[in-house]
Amino acid sequence: VVVMLRSVTRFTDPTLILRPGEHPFIRHDSALHYSTAQWLNLSAILAAMSVGKCHLKEDMTDELLRRVRKGLLDSPFTVNALRAQCNDLF
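Residues numbered from 1 in each chain as written. Predicted model: local features only at pLDDT ≥ 70, side-chain atom pairs only at ≥ 80, totals over all residues. Heavy atoms only, no water.

Let us now look at the overall build of the protein chain. Broken down by element type, the protein chain carries three helices and three strands. Order of helices (α) and strands (β) in the protein chain, N terminus to C terminus: β-β-β-α-α-α. For 90 residues, the compact-globule estimate of 2.2 N^0.38 gives 12 Å, and the C-alpha radius of gyration of the protein chain, at 13 Å, lies within 12% of that figure. Viewed in the frame of its principal axes, the protein chain has a C-alpha envelope of about 35 × 30 × 25 Å. (Helix = DSSP H or I, 4+ residues; strand = E, 2+ residues; numbered from the N terminus. Rg over C-alpha atoms; globule rule 2.2 N^0.38 Å.)

Next comes the structure, spelled out in structure tokens:
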């Protein structure tokens, strides 16, 4: 599952706001926009990496991964079908 991370604005999904220091990639208040969450297979991710559309960064901590997963299940903006699939996996 991939989810877009965006700067916090007044239209931000407030389910999970990440602050600087919670992950090395986070430099200012940022929000996960669970409305953008979707399944991507590994080949799609590798293809995006090969043309420079995405890059690997440091792994998140187990605690941060737990919070991101909880946010996916809790956000009112997560697509219901995806929430159901993830609820079974998490």
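It is worth spelling out the sheet that holds strand 3 (residues 30-38) at this point. Here three strands make up an open sheet; going across it, the order is 1-3-2 and the pairing antiparallel. Across the chains shown, the open sheet's two edge strands, defined by having one partner strand only, are strand 1 (2-7) and strand 2 (17-18). In the sheet, strand 2 pairs with strand 3 via two bridges, with the strands oriented antiparallel. Along strand 3, the bridge assignment pairs Ile-17 with Ala-31. The sheet contacts of helix 2 (residues 62-74) involve strand 1, strand 2 and strand 3, and relative to strand 3 the element is tilted by about 55°. (Pairing = 2+ DSSP bridges. Contact = heavy atoms within 4.5 Å. Axes fitted to C-alpha atoms, helices over the stretch in contact; angles between N-to-C directions.)

Time to look at a nonpolar patch on the surface. There is a patch of nonpolar side chains on the surface, built from Val-1, Trp-39, Leu-89 and Phe-90 and spanning about 400 Å² of accessible area. A residue is classified by how much of its surface remains accessible, and Leu-89, at 59% relative accessible area, is exposed. (Patch = residues over 30% accessible without salt bridge, like charges linked within 9 Å, V, L, I, M, F, W, Y side chains within 5 Å. Areas by Shrake-Rupley, 256 points an atom, 1.4 Å probe, with all protein chains shown as cover. Salt bridge = Lys/Arg side-chain N within 4 Å of Asp/Glu carboxyl O. Buried < 20%, exposed > 50% of the residue type's maximum accessible area, 1.4 Å probe, protein only.)

Another aspect to go through is the side chain of His-23. Examined against the element boundaries, His-23 turns out to sit in the loop between strand 2 and strand 3. Exposure remark for His-23: the relative accessible area of 12% places this residue in the buried category. Side-chain polar atoms of His-23 contact the backbone nitrogen of Phe-25, separated by 2.9 Å. A polar contact of 2.7 Å, which involves the side chain of His-23, links it to the backbone oxygen of Glu-58. If we skip the residues at most four places from it in the chain, His-23 touches Lys-57, Glu-58, Asp-59, Met-60 and Leu-64. (Polar contact = N/O pair within 3.5 Å; in protein donor to acceptor, adjacent residues only side chain to side chain.)

Here we come to the nonpolar core. Leu-16, Leu-18, Ile-26, Leu-32, Tyr-34, Ala-37, Leu-64, Val-68, Leu-72, Leu-82 and Cys-86 form the largest nonpolar core, which has 11 residues in total. Going through the elements one at a time, strand 3, helix 2 and helix 3 (80-89) are the ones with two or more residues in this core. Aside from chain neighbours lying at most four places away, what touches Leu-32 is Val-3, Met-4, Leu-5, Asp-13, Leu-16, Leu-18 and Val-68. (Core = buried A, V, L, I, M, F, W, Y, C linked by side-chain atoms within 4.5 Å.)

Taken as a whole and assessed by the stated rule, the structure comprises zero disulfides. Cysteine Cys-86 is unpaired, with the sulfur of Cys-54 as its nearest cysteine sulfur at 19 Å. (Disulfide = S-S within 2.5 Å.)

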